Number of protein chains: 2
Amino acid sequence: MRERPPASQPAIILVEPQLAENIGTTARAMLNFGLTDLRLVNPKPDWPSDRAKATASGADRVLDGARVFRSLGEAIADLQVVYATSNRPRDLVKRVVTPRHAAGELRAHVAADVRPGILFGPERTGLVNDDLALADAVISAPVNPSFGSLNLAQAVLLIGYEWFQAADATAAEALHNGDSPVADRTHLMSFLNRLEFELDDSGFLRVPHMRPAMIRNIRAIFSRMAMTDQEVRTLHGILTELVTKRMRG
Amino acid sequence: MRERPPASQPAIILVEPQLAENIGTTARAMLNFGLTDLRLVNPKPDWPSDRAKATASGADRVLDGARVFRSLGEAIADLQVVYATSNRPRDLVKRVVTPRHAAGELRAHVAADVRPGILFGPERTGLVNDDLALADAVISAPVNPSFGSLNLAQAVLLIGYEWFQAADATAAEALHNGDSPVADRTHLMSFLNRLEFELDDSGFLRVPHMRPAMIRNIRAIFSRMAMTDQEVRTLHGILTELVTKRMRG
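**A look at the overall build of chain A**
Phase 1 of the analysis: The helix and strand inventory of chain A stands at 10 helices and eight strands.
Phase 2 of the analysis: Over its C-alpha atoms chain A spans a radius of gyration of 29 Å, topping by over 25% the 18 Å that the globule rule assigns to 249 residues.
Phase 3 of the analysis: The long-range share in chain A, meaning contacts at least 24 apart out of those at least 6 apart in sequence, stands at 82%.
Phase 4 of the analysis: Accessible surface computed for chain A: about 12,800 Å², of which carbon and sulfur atoms make up 54%.
Phase 5 of the analysis: Side-chain charges of chain A comprise 29 positive and 29 negative groups, with the mean position of each set lying 6 Å from the other.

**So, helix 1 (residues 20-32) of chain A**
Phase 1 of the analysis: Across its 13 residues, helix 1 of chain A extends 19 Å between first and last C-alpha, which sits within 8% of the 18 Å expected from 1.5 Å per residue.
Phase 2 of the analysis: Most of helix 1 of chain A sits out of view: 11 of its 13 residues are buried.
Phase 3 of the analysis: Taken together, the buried positions of helix 1 of chain A are Ala20, Asn22, Ile23, Gly24, Thr26, Ala27, Arg28, Ala29, Met30, Leu31 and Asn32 of chain A.
Phase 4 of the analysis: Buried-residue contacts for helix 1 of chain A involve strand 1 (11-15), strand 2 (38-41), helix 2 (50-55), helix 3 (60-64) and helix 7 (152-165) of chain A together with helix 7 (152-165) of chain B.
Phase 5 of the analysis: Taken from the residues just after helix 1 of chain A, glycine 34 of chain A is the one with a positive phi, measuring 80 degrees.

**What about the interface of chain A and chain B?**
Phase 1 of the analysis: On the side of chain B, 54 residues touch chain A, which itself brings 54 residues to the contact.
Phase 2 of the analysis: A buried area of about 4,200 Å², summed over both sides, lies between chain A and chain B, and 55% of it is on carbon and sulfur atoms.
Phase 3 of the analysis: Linking chain A to chain B there are four salt bridges.
Phase 4 of the analysis: A salt bridge links glutamate 162 of chain B to arginine 100 of chain A; the shortest N-O distance between them is 2.8 Å.
Phase 5 of the analysis: At the level of secondary structure, the elements contributing two or more residues to the side of chain A that touches chain B comprise helix 1, strand 5 (94-97), helix 5 (99-111), helix 7 and strand 8 (173-176) of chain A.
Phase 6 of the analysis: Ranked by residues supplied to the side of chain A that touches chain B, first place goes to helix 7 of chain A with eight residues.
Phase 7 of the analysis: When grouped by side-chain class, the residues that make up the side of chain A that touches chain B number 25 nonpolar, 18 polar and 11 charged.

**A closer look at the pattern of salt bridges**
Pairs can form between side chains of opposite charge whenever their charged atoms are close.
Phase 1 of the analysis: According to the stated counting rule, one finds 24 salt bridges over all chains in the structure shown.
Phase 2 of the analysis: Between arginine 39 of chain A and aspartate 37 of chain A there is a salt bridge, and its shortest N-O distance comes to 3.0 Å. The exposure classification of arginine 39 of chain A matches that of aspartate 37 of chain A, with both residues buried.
Phase 3 of the analysis: The salt bridge involving arginine 219 of chain B is made with glutamate 196 of chain B; its shortest N-O contact spans 2.9 Å. One end of the pair, arginine 219 of chain B, is in helix 9 (residues 211-223); the other, glutamate 196 of chain B, is in helix 8 (residues 185-202), with 23 residues separating them in the sequence.
Phase 4 of the analysis: A relative accessible area of 31% means that arginine 219 of chain B is categorised as partly exposed.
Phase 5 of the analysis: Judged by its relative accessible area of 6%, glutamate 196 of chain B falls in the buried class.

**Points about the nonpolar core**
Phase 1 of the analysis: Residues Leu38 of chain A together with Leu38 of chain B are the most contacted members of the largest nonpolar core, which totals 83 residues.
Phase 2 of the analysis: Those residues in contact with leucine 38 of chain A that lie beyond four places of it in its chain are Ile12, Leu14, Ile23, Thr26, Met30, Val62, Leu63, Gly65, Ala66 and Arg67 of chain A.

**Here we look at the environment of alanine 167 of chain B**
Phase 1 of the analysis: Mapped onto the elements of the fold, alanine 167 of chain B is located in the loop between helix 7 and strand 8 (173-176).
Phase 2 of the analysis: Taking relative accessible area as the criterion, alanine 167 of chain B reaches 48% and is therefore assigned partly exposed.

**Focus on the relation of the copies chain A and chain B**
Phase 1 of the analysis: For these two chains of identical sequence, chain A goes onto chain B by a turn of 180 degrees and a shift of 0.0 Å along the axis, with RMSD 0.1 Å. As the rotation angle and translation indicate, the two copies are arranged about a two-fold axis. Residue glutamine 154 of chain A, judged by its C-alpha, is the member of chain A lying nearest the rotation axis, at 3.3 Å.
Phase 2 of the analysis: Interface residue correspondence from chain A to chain B reaches 100%, placing this contact among same-surface, isologous pairings.

**Looking at the side chain of threonine 55 of chain A**
Residues and elements named next belong to chain A.
Phase 1 of the analysis: Along the chain, threonine 55 falls in helix 2.
Phase 2 of the analysis: A distance of 3.0 Å separates the side chain of threonine 55 from the backbone oxygen of alanine 52, its partner in a polar contact.
Phase 3 of the analysis: Dropping the residues within four chain positions of it, threonine 55 is found in contact with Ala20, Glu21, Gly24 and Thr25.

**Quick look at the pairing of strand 2 of chain A**
Residue and element names in this part refer to chain A.
Phase 1 of the analysis: Both faces of strand 2 are covered, namely the face carrying Leu38 and Leu40 and the face carrying Arg39 and Val41.
Phase 2 of the analysis: Pairing of strand 1 with strand 2, which is carried by four bridges, proceeds in the parallel orientation. Along strand 2, the bridge assignment pairs valine 15 with valine 41.
Phase 3 of the analysis: With helix 1 bridging strand 1 and the parallel strand 2, this β-α-β connection has right-handed handedness.
Phase 4 of the analysis: Here three bridges tie strand 2 to strand 3 (residues 67-69), and the two strands are oriented parallel to one another. Considered in strand 3, the bridge of valine 41 is made with phenylalanine 69.

**Examining the packing of aromatic side chains**
Phase 1 of the analysis: Inspection of the entire model under this criterion finds seven aromatic pairs over all chains.
Phase 2 of the analysis: Ring geometry for tyrosine 161 of chain A against tyrosine 161 of chain B: centres 6.2 Å apart, planes inclined by 90 degrees, an arrangement best described as edge-to-face. Here tyrosine 161 of chain B lies in helix 7 and tyrosine 161 of chain A lies in helix 7, a pairing that spans two chains.
Phase 3 of the analysis: We classify tyrosine 161 of chain A as buried; its relative accessible area is 1%.
Phase 4 of the analysis: When the centroid spacing of 5.8 Å and the interplanar angle of 75 degrees are considered together, the rings of phenylalanine 33 of chain B and tyrosine 161 of chain B count as edge-to-face. Separated by 128 residues along the polypeptide, phenylalanine 33 of chain B in the loop between helix 1 (20-32) and strand 2 (38-41) and tyrosine 161 of chain B in helix 7 bring together distant segments of the chain.
Phase 5 of the analysis: Each member of the aromatic cluster is reached from another via a ring pair, and the members are Phe33, Tyr161 and Phe164 of chain A together with Phe33, Tyr161 and Phe164 of chain B.
Phase 6 of the analysis: The ring of tryptophan 163 of chain A carries arginine 107 of chain A above its face, with NZ or CZ at 3.5 Å from the centroid.

Conventions and cut-offs
- Residues numbered from 1 in each chain as written.
- Chains lettered and ligands numbered in written order.
- Predicted model: local features only at pLDDT ≥ 70, side-chain atom pairs only at ≥ 80, totals over all residues.
- Heavy atoms only, no water.
- Helix = DSSP H or I, 4+ residues; strand = E, 2+ residues; numbered from the N terminus.
- Rg over C-alpha atoms; globule rule 2.2 N^0.38 Å.
- Contact = heavy atoms within 4.5 Å.
- Areas by Shrake-Rupley, 256 points an atom, 1.4 Å probe, with all protein chains shown as cover.
- Lys, Arg positive; Asp, Glu negative; His and termini not counted.
- Charge placed at Lys NZ, Arg CZ, Asp CG, Glu CD.
- Expected span 1.5 Å × (residues − 1).
- Buried < 20%, exposed > 50% of the residue type's maximum accessible area, 1.4 Å probe, protein only.
- Buried area = accessible area lost by both parts, 1.4 Å probe.
- Salt bridge = Lys/Arg side-chain N within 4 Å of Asp/Glu carboxyl O.
- Nonpolar A, V, L, I, M, F, W, Y, C, P; charged D, E, K, R; others polar.
- Core = buried A, V, L, I, M, F, W, Y, C linked by side-chain atoms within 4.5 Å.
- Least-squares fit on C-alpha atoms with pLDDT ≥ 70 in both.
- Polar contact = N/O pair within 3.5 Å; in protein donor to acceptor, adjacent residues only side chain to side chain.
- Pairing = 2+ DSSP bridges.
- Right-handed = clockwise from strand over helix to strand, strands pointing away.
- Phe/Tyr/Trp six-rings, centres within 6.5 Å; stacked < 30°, edge-to-face > 60°.
- Lys NZ or Arg CZ within 6 Å of the ring centre and 35° of its normal.

As structure tokens, this is what we get:
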């Protein structure tokens, strides 16, 4: 057996891409999600292509490393599992998976050192049935049924996106607060106490039976902001300014 | 209060888009996932734009319905919740969510008849902090940290994709078999029995202590294919042809 580097990511195989800009934007989309193994089967543009380079927006290492093949068979020769992308897998008996499901399978393949690849067809026609027939499974993204044709690079982007998300640990929701953490509650409470004192002083809370509900509402407004220390200080400053202005006025 | 149509989907707001083709490909990406409310704040290209139309690949109803505004404030005036997209929400205290998490929130907003919108910044710079400051939350897609700049239409595509998937019921994995269902097991078994008979007849299974394992292996190969009736008939035909050829030979 020939020595091969371990599988680390799926190969992206463009079958007869027609437009250089789509190859360039594909390279960009790939690198956005850490994919670098680009293979071109009979590309229509002359190769290498300046136009592809211009549209790759800096993903040069993907374009420079792209390999050109004369047939699909040669392009997938070293691969062990092949997915084909299609939104019209008509008249074929073939397992069809969503991009999200495929991403989990691709991660499992790579973890087991199985080398996967993904086929994308020409812009106008997509993959023909002869190409689809060779694939282990078809990846089909759920789309608007009345406008389902994805741009080539957009289709690559969705697969790359799901591939990346499948191993990404970013919190689904986080408070980004730069270098300033959320204030301790005691700082928020001291601001609220001061605000309520000033509002009592000004007469804003003068109707006794309304006062408890008004205070609850005010506390609710400021408590859901998850403010930083700096932001609480800003509100203190605003309060001071407004009180001083009232006293001056 | 002014009468408004019920919220049904998020508005897509491009702030100062620079390139007509990006507006066109944005329109296509939107319609791929059923989004139609496109708003442009101070677009650089003359509007309407033939170049945008050419790159929209048929998403004319999105372009034709696009509204142009002179300020971000006017563009979001009728909205109730605003998300900003950014991969660099530096120095801002702001909730940051992934596209997938945002999609769930967007669906919840629309279900509650709350009108959401999503801001996308200019191609080179992205949204400035003055724009981000006005948003309820920031959507940031996990990307390759060393090559994280998404094309404008690609960023719109990811949001539209997640929006669509959040309400899509497509099976993650399915066997697409056109009009031909998977064969009943009895048809597969009758093929396997016939194959084994022929292999016994030819002497292929002649070593008695090997025979059970060989039969298990042969059954395993053909049993994982989930073949249709037609495919089983094709295998019967192949078997007949090969047996006849052997008898002729």
